[in-house]
Amino acid sequence: MTAFRNLRRTATVACLGLGVAASAETLTVVSWGGSYEQASRKAILEPFSKETGIEIRVETYNGGLAQVRAQVETGKVYWDVVDFEMADASRGCDEGLLEYVDVDDLAPAPDGTPPAEDFFEGTVIDCGGGLLFYSTIYAYNADSFPGEKPSTIDDFFDLDRFPGRRGMRRAPQVNLEFALLADGVSVEEVYDTLSTTAGMSRAYRKLDTIKDDIVWWEAGAQPPQMLADREVVMSTAYNGRIFNAQVLEKQPFVVVWDGQVLDSGTMGIVVDTPNLEAARKLVHYATRSEVQAAVGRYISYSPARHSGTKLISTHLETGVDMTPHMPTSPQNMKRVLHNDWEWWSDHADDVNERFSAWLAR
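Description of the structure in this document.

**Focus: the environment of leucine 316**
Mapped onto the secondary structure, leucine 316 falls in the loop between helix H14 (306-309) and strand E12 (337-338). Each C-alpha atom, one on leucine 316 and one on threonine 266, is 23 Å from the other, the two residues being 50 residues apart in sequence.

**Focus on the pattern of salt bridges**
Under the definition given, this model contains 16 salt bridges. Residues glutamate 95 and arginine 69 are paired through a salt bridge, measuring 3.1 Å at the closest nitrogen-oxygen approach. With a gap of 26 residues between them, glutamate 95 in the loop between helix H4 (86-94) and helix H5 (115-118) and arginine 69 in helix H3 (residues 66-74) connect regions that are remote in the sequence. The partly exposed category is assigned to glutamate 95, whose relative accessible area is 36%. A residue is classified by how much of its surface remains accessible, and arginine 69, at 24% relative accessible area, is partly exposed. A single network of salt bridges, built from pairs that share partners, joins Arg69, Arg91, Glu95 and Asp349.

**Looking at helix H15 (residues 341-360)**
Approximately 70 degrees is the largest bend angle found in H15, and it occurs at histidine 347. Residues Trp341, Trp343, Trp344, Ser345, Ala348, Val351, Phe355 and Trp358 constitute the buried set of H15.

**Details of helix H9 (residues 197-208)**
Residues lying three or four places apart along an α-helix face the same way, a consequence of the helix completing one turn every 3.6 residues. With twelve residues, H9 should cover 16 Å at 1.5 Å per step; its first-to-last C-alpha distance of 17 Å lies within 8% of that length. Within H9, the full set of buried residues consists of Gly199, Met200, Ala203, Tyr204, Lys206 and Leu207. Considered in projection along H9, the buried side chains sweep an arc of 155 degrees and stay on one side of the axis. Residues of H9 that are exposed and point over 90 degrees away from its buried face: Thr197, Ala198 and Arg205.

**Observations regarding the packing of H4 against H15**
Across the interface, H4 lies against H15 with an axial gap of 8 Å and an inter-helix angle of 65 degrees. Taken as axis vectors, H4 and H15 run roughly perpendicular relative to one another. The chirality of how H4 crosses H15 is right-handed. Across the interface between the two elements, Met86, Ala87, Ser90, Arg91 and Asp94 from H4 touch Trp341, Trp344, Ser345, Ala348 and Asp349 from H15. In terms of residue class, the contact of H4 with H15 is made up of five nonpolar, two polar and three charged.

What counts, and at which threshold
Residues numbered from 1 in each chain as written. Predicted model: local features only at pLDDT ≥ 70, side-chain atom pairs only at ≥ 80, totals over all residues. Heavy atoms only, no water. Helix = DSSP H or I, 4+ residues; strand = E, 2+ residues; numbered from the N terminus. Salt bridge = Lys/Arg side-chain N within 4 Å of Asp/Glu carboxyl O. Buried < 20%, exposed > 50% of the residue type's maximum accessible area, 1.4 Å probe, protein only. Bend = angle between axes of the 7 residues up to and from the residue. Expected span 1.5 Å × (residues − 1). Arc of directions from axis to C-beta. Axes fitted to C-alpha atoms, helices over the stretch in contact; angles between N-to-C directions. Parallel < 35°, antiparallel > 145°, perpendicular 65-115°, else oblique. Left-handed = near helix turned anticlockwise from the far one by under 90°. Contact = heavy atoms within 4.5 Å. Nonpolar A, V, L, I, M, F, W, Y, C, P; charged D, E, K, R; others polar.

What follows is the structure in structure tokens.
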């Protein structure tokens, strides 16, 4: 554990009560754009602003720590709260880029269960508790396959039975895991395999088999558009983005849950923000069980708290039952890989460097 963590742990955490704030207060919140950002606005940011009087300004990014690191290192912090993938949040916490948030100071469950007991295992770090579960799956346009349909992660890599271009995120995360799963590695052995030189090479050999047919995407809104435009026949994607395209745009997309990589996200407070008290209030609000469940009325992402899971209901606009579309629903978890964000936090630099070199070849 870093000296930063020890220092933060001994610090006195400010009161997180949500009294009405002065209207002059403004927070800059950084999110992911597209349908997820819209869900966050409606379920978290707009109600929070109404309750506290704190205005919210939203900016968009594609993940990572580069911009946060640059702001902190130059002493020019203008982002207050960032919606992170858990691996980035953990790493940012270790590097001293994020404020310490004691999970015990967050709201208890509606039945009084302490927050530390209510968050799912693996969703709590020194800089806060988890916000939501989301999954990277792959999906296809049903119109592209009038005959046999893809149904396993192996099919994503099978160009003979299912010819056509594939969409993949321009990053090693999940791509390496999918490659090993499709190459016969069990979900229990994926990260042990990636930890070896031979295992990493095995993953790249599998990616090589489809490399010439990959269309790379960077923003979560791109895969649904690529599928709709028939630019690709199947694509990795965030499950919630595909769900919204299905129910709101009536797109003939099919989600393949086999081999899904389940991950969680969290809201991190950028260290040295001049709006620390307001930022803490937002994190406190967003991690409430009922607020996490409210996000699930707009997009199919699951609460990171046990008590929130019990509050999952229907899609607000269409009335669709959300339970079958949640990544944590039992029928979707038959072959699930839990993203080892600690592994990624430890290995990100080396893996990113190798992935960039592989792309350039």
